[in-house]
Amino acid sequence: MKEPIVFADRREAGEMLAELLKESGADARSVLLALPRGGVPVAAAIAAKTGMDLDILVVRKLGLPEQPEVAMGAIASGGAVVLDDWIYQALSHPDMVVERVMNTERAELERREKLYRADLPPVPVEGRTVILVDDGLATGATMRAAVAAVRKWNAGRIQVAVPVASREALAGLQAVADKVFCLSAPEDFGGVERFYDDFSQTTDDEVRRLLAEPLARMK
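The paragraphs below set out a description of the structure included in this document. (Residues numbered from 1 in each chain as written. Predicted model: local features only at pLDDT ≥ 70, side-chain atom pairs only at ≥ 80, totals over all residues. Heavy atoms only, no water.)

### Remarks on helix α4 (residues 94-117)
Here α4 is 24 residues long and its end C-alpha atoms lie 33 Å apart, about the 34 Å a rise of 1.5 Å per residue gives. Within α4, the full set of buried residues consists of Val97, Val98, Val101, Met102, Glu105, Glu108, Leu109, Arg112, Tyr116 and Arg117. (Helix = DSSP H or I, 4+ residues; strand = E, 2+ residues; numbered from the N terminus. Expected span 1.5 Å × (residues − 1). Buried < 20%, exposed > 50% of the residue type's maximum accessible area, 1.4 Å probe, protein only.)

### Regarding the sheet that holds strand β4 (residues 71-76)
The three strands lie next to each other as β3-β4-β5, forming an open sheet whose pairing is antiparallel. What marks the edges here is a single partner per strand, and that holds for β3 (59-63) and β5 (80-83). Each strand of the sheet is rotated relative to its neighbour by a mean of 20 degrees, with strand direction disregarded. With four bridges joining them, β4 and β5 adopt antiparallel strand pairing. Following the sheet pairing, glycine 73 is matched in β5 by leucine 83. Across the sheet, α4 lies against β3, β4 and β5, angled at about 155 degrees from β3, the strand it touches most. (Pairing = 2+ DSSP bridges. Axes fitted to C-alpha atoms, helices over the stretch in contact; angles between N-to-C directions. Contact = heavy atoms within 4.5 Å.)

### Some thoughts on the side chain of glutamine 159
Here glutamine 159 shows up in strand β7 (residues 158-164). When its relative accessible area of 9% is taken as the criterion, glutamine 159 is described as buried. With residues near it in sequence (within four places) discarded, glutamine 159 still touches Thr129, Val130, Ile131, Leu132, Lys179 and Phe181.

### Points about the sheet that holds strand β2 (residues 53-56)
Within a sheet, adjacent strands bond to each other through the backbone by hydrogen bonds, running parallel or antiparallel. As summarised here, the arrangement of the five strands in space is β2-β1-β6-β7-β8, forming an open sheet in which the pairing is parallel. Two strands in the sheet have a free side with no partner beyond their single neighbour: β2 and β8 (179-184). Taking the axes of each pair of neighbouring strands and ignoring which way they run, one obtains an average angle of 25 degrees across the sheet. Both strand β1 (residues 31-34) and β2 contribute to a ladder of four bridges, which runs parallel. Its bridge partner being in β2, alanine 34 is matched across the sheet by isoleucine 56. Sheet contacts for helix α1 (residues 10-23): β6 (130-133), β7 and β8; angle to β8, the most-contacted strand, approximately 130 degrees.

### Quick look at unusual backbone geometry
In this structure, arginine 37 follows proline 36 across a cis peptide bond, with omega equal to 0 degrees. Relative to the helices and strands, arginine 37 is located in the loop between β1 and α2 (39-50). We note that asparagine 154 has phi near 60 degrees; this positive angle belongs to a residue other than glycine. Positionally, asparagine 154 belongs in the loop between α5 (141-151) and β7.

### Regarding the layout of surface pockets
Within this model, the largest pocket holds a volume of roughly 900 Å³. Residue lining of the largest pocket: 34 residues in total, with Lys61, Asp134, Asp135, Gly136 and Thr142 positioned closest to the centre. Of all elements in the fold, only β3, β4, α3 (85-90), α4 and α5 reach the threshold of two or more residues within the lining of the largest pocket. (1 Å grid on protein atoms, 1.4 Å probe; cavity = no way out; pocket = protein on both sides within 12 Å on 5 of 7 lines; lining within 4 Å. Points joined across faces, edges and corners; volume = space filled by probe spheres on them.)

### Brief notes about the packing of α1 against α2
Running from N to C, α1 and α2 point in directions that differ by 45 degrees, and their axes come no closer than 7 Å. With respect to α2, the element α1 is oriented oblique. Like other packed secondary-structure pairs, α1 and α2 cross with a definite hand, here right-handed. When α1 is examined against α2, the residues Arg10, Arg11, Gly14, Glu15, Leu17, Ala18, Glu19, Leu21 and Lys22 are found in contact with a partner set consisting of Pro41, Val42, Ala45, Ile46, Lys49 and Thr50. In terms of residue class, the contact of α1 with α2 is built from seven nonpolar, two polar and six charged. (Parallel < 35°, antiparallel > 145°, perpendicular 65-115°, else oblique. Left-handed = near helix turned anticlockwise from the far one by under 90°. Nonpolar A, V, L, I, M, F, W, Y, C, P; charged D, E, K, R; others polar.)

Structure, rendered in structure tokens:
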């Protein structure tokens, strides 16, 4: 059985993904959309290696009120919503619960977009290949919301690139994305953090620093 990859940090994971993308024929005409916060240093490393444009796509998990770590779905920039049907059907008064959580997360989504992007416009994606990037996938709910959002923007091909993912998350993404790039899909997953030596939290300041130059070039 192939041993799972353990990455030194998000930057190393991004550099390894960049090599995989280049081998697949990806080039500088593609657009990288990173999911903040952890996806940004991964995508920044890919951009540095490939010359692709870099931007963000803010996605927020919709956690259960009593168990916020359990995702009942996710929302993304542009109004896309993805819900877990099984969890949704099990809720008492599901519409009320979802709406309450969505209102909170929508406010945080808008706050982060203003914080990270400032007054700079989004990178144009219409007709271009978009590669969505995160530092790993556990359930895949946030990434599925990201794919749904980009579908509304008339992008060309929509691809996903992640260093590590659960096999269940990969299967779900392969059903909605045009292509999924993943360096490691261990049978015994247990959580994204297990596959990084350094999985320290990416800060808002780090996100702003990594995005400042690429977004300014697009102004």
